[in-house]
Amino acid sequence: MENNHPVATKKSFSDSKIIERANLLRDNDLYFFFRAIEETEASTVTVKGQKQIMIGSNNYLGLTHHPYVKEAAIKAIEKYGTGCTGSRFLNGNLNIHEELDHKLADYLGHEKAIVFSTGMQANLGALSAICGPKDLMLFDSENHASIIDSSRLAMGTTFKYKHNDMSSLEELLESNVSRFNRVIIVADGVFSMTGDILKLPEVVRLAKKYGAYVYVDDAHGIGVMGPQGRGTMSHFDVVKDVDFNMGTFSKSFASIGGVISGSADAIDYVRHSARSFMFSASMPPAAVATVSACVDVVTRDPSILENLWSNVAFVREGFKELGFYTYGSQTPIIPLYIGDDMKALQMTKFLESKGIFATPVLPPAVPKGEALIRTSYMASHDKKDLARVLEVFGEAKKIFEIPNHLH
Ligand SMILES: Cc1ncc(COP(=O)(O)O)c(C=O)c1O
């Protein structure tokens, strides 16, 4: 039978703003996304056959290539296979998942912990479970995208306070606590773009004053901050005052996955309500074993964190001498203010031509006119390589006339 239905046209994606922008960058050879890494030894990588010093990674402890960590991952595959093919709630819960839950609870200093398949899922699942229809989430304006998305998913109300600004937070607490059932203050422990540290003792003080919960996303703090890398809560000695601590394994812990820790009843509530936990397959065995081995290494071998902080101090001083504005960073994330988007991209190209892999950060990830190059350092970086990085940045600063201060 003949088909007389008219053929409707589908709206294409090619004229969307984002694709227009990507094409413009590709046409000008300034597209630095999805770079394919052909080989990696953590602090150096090979891209298009060229060896580059990696200063754009979150592998702070450099443990992705540590022999003890690799061996643990290989053994886990031999024992449990490559995947769990189901959620922890049903068929995908291995004894090593539970062992890791306990190990991380001990390490972080909380009563209980549960591991998720990614950090993003940990935030989405936990925050949407915790923040119900009558609840309020107060979050820092520079929080990570996963927290922004969590606030969209949660049934409760969300208000933003100014970045790390405690009077802005207090104003919101004062005018809102009586209107809601639970109030949850949510903030990154170490902010992912600027590398600054949350004023956690102040947040804790305000939370106590107004009866609010504290939820810290410590993706960039776990493994790095505090004694033996136990995180930002340990760094400030306020573990017992933080109700929920979230961490990821996609940075210091050399793998993939996430964790939420807190009191036994709160974590039991999360594991029976967080949809991204219940309806998504569990962390693969090799990832579980990797994270467990990373915790062993960072707690037993002090030289790892000593190397990291010595490298960070070396580079931070170097950038200061060169006159870069580094946003007062006190962590392994050292952002360098560039200003103009085009300059940030051209400078990234220059760095690449000199064998340095760095990442530009452009609006909307940062405010307009505040493009930066986000650099980050590892325990495994070689001082000679870092000296070379500083030398090349020194040349670039002159060529691209990078300002010494934020405009
Ligand atoms: C602050 C912060 N929270 C959460 C995440 C998400 O973690 P994951 O990579 O494990 O999904 C990231 C990763 O970029 C992050 O930087």
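Quick notes on the rules
- Residues numbered from 1 in each chain as written.
- Predicted model: local features only at pLDDT ≥ 70, side-chain atom pairs only at ≥ 80, totals over all residues.
- Heavy atoms only, no water.
- Core = buried A, V, L, I, M, F, W, Y, C linked by side-chain atoms within 4.5 Å.
- Buried < 20%, exposed > 50% of the residue type's maximum accessible area, 1.4 Å probe, protein only.
- Helix = DSSP H or I, 4+ residues; strand = E, 2+ residues; numbered from the N terminus.
- Domains from an automatic or database assignment.
- Near = heavy atom within 4 Å.
- Polar contact = N/O pair within 3.5 Å; in protein donor to acceptor, adjacent residues only side chain to side chain.
- Areas by Shrake-Rupley, 256 points an atom, 1.4 Å probe, with all protein chains shown as cover.
- Salt bridge = Lys/Arg side-chain N within 4 Å of Asp/Glu carboxyl O.
- Contact = heavy atoms within 4.5 Å.
- Axes fitted to C-alpha atoms, helices over the stretch in contact; angles between N-to-C directions.
- Parallel < 35°, antiparallel > 145°, perpendicular 65-115°, else oblique.
- Left-handed = near helix turned anticlockwise from the far one by under 90°.
- Nonpolar A, V, L, I, M, F, W, Y, C, P; charged D, E, K, R; others polar.
- Expected span 1.5 Å × (residues − 1).
- Buried area = accessible area lost by both parts, 1.4 Å probe.

Caption draft 1: Representation of the nonpolar core. Formed by 94 residues in total, the largest nonpolar core has its most connected members in L200, F253, M347 and F393. With eight residues, helix 11 (residues 285-300) is the single largest residue contributor to this core. Taken domain by domain, this core gets at least three of its residues from each of domain 1 (17-54 + 302-399) and domain 2 (65-300).

Caption draft 2: Region of the structure containing the site of the ligand. Looking at the ligand, there are 16 residues lining it, with G119, M120, D217, H220 and K251 nearest. Within the contact set of the ligand, a nitrogen atom lies 2.6 Å away from a side-chain nitrogen or oxygen of D217. Within the side chain of K251, one N or O atom sits 3.0 Å away from an oxygen atom of the ligand. Surface burial for the ligand is 84%, taken as the share of its 390 Å² of free accessible area covered by protein chains.

Caption draft 3: Layout of the pattern of salt bridges. This structure, assessed with the given rule, holds 17 salt bridges. Its salt-bridge partner being D296, residue K103 comes within 2.7 Å of it at the nearest N-O pair. Pair noted here: K103 is in helix 3 (residues 95-108) and D296 is in helix 11, with a separation of 193 residues, a long-range link. The exposure class of K103 is partly exposed, given its relative accessible area of 26%. Assessed through its relative accessible area of 12%, D296 is described here as buried. When the shortest N-O distance is used, the salt bridge between R152 and D149 registers 3.0 Å. Remark: D149 and R152 occur in helix 5 (residues 145-153); sequence separation between them is three residues, near one turn of the helix. For R152, a relative accessible area of 65% gives the class exposed.

Caption draft 4: Here's a closer look at the side chain of S276. By the secondary structure assignment, S276 is in helix 10 (residues 275-278). A polar atom in the side chain of S276 sits 2.6 Å from the backbone oxygen of Q121. Among the polar contacts made by the side chain of S276, one reaches the main-chain amide nitrogen of G125 at a distance of 3.3 Å. Ignoring sequence-local partners within four residues, the contact set of S276 consists of F116, Q121, L124 and G125.

Caption draft 5: How the structure looks around the packing of helix 2 (residues 67-80) against helix 11. Close contact between helix 2 and helix 11 brings their axes to 8 Å; oriented N to C, the two are set at 150 degrees. Judged by the inter-axis angle, helix 2 sits roughly antiparallel to helix 11. As helix 2 runs across helix 11, the sense of the crossing is right-handed. Contact residues: Y68, V69, A72, A73, A76, I77 and Y80 in helix 2; P285, A286, A289, T290, A293, C294, D296, V297 and R300 in helix 11. Taken together, the residues that form the contact of helix 2 with helix 11 break down as 13 nonpolar, one polar and two charged.

Caption draft 6: Region of interest: helix 4 (residues 119-130). With 12 residues, helix 4 extends 16 Å between its outermost C-alpha atoms, agreeing within 8% with the 16 Å of an ideal straight helix rising 1.5 Å per residue. Taken as a whole, helix 4 has its buried residues at G119, Q121, A122, N123, L124, G125, A126, L127, A129 and I130. The opening residue of helix 4 is T118, an N-cap whose side-chain oxygen sits 3.4 Å from the backbone nitrogen of M120.

Caption draft 7: Structural context of the domain arrangement of the protein chain. Annotation of the protein chain at the domain level lists domain 1 (17-54 + 302-399) and domain 2 (65-300). A straight line from the C-alpha centre of domain 1 to that of domain 2 covers 27 Å. At the interface, 17 residues of domain 1 touch 18 residues of domain 2. With both chains or domains summed, domain 1 and domain 2 bury close to 1300 Å², and 70% of this area falls on carbon and sulfur atoms. Three residues, L305, T331 and I333, lead the burial of domain 1 against domain 2; their summed loss comes to 32% of the area buried on that side. In this assembly, domain 1 and domain 2 are joined by four residue pairs in polar contact (both at pLDDT 80 or more). Elements with a contribution of two residues or more to the side of domain 1 that touches domain 2: helix 12 (302-322) and strand 11 (333-339). Considering each element in turn, the side of domain 1 that touches domain 2 owes the most residues, five residues, to helix 12. Classifying every residue of the side of domain 1 that touches domain 2 by side-chain character gives 11 nonpolar, four polar and two charged.

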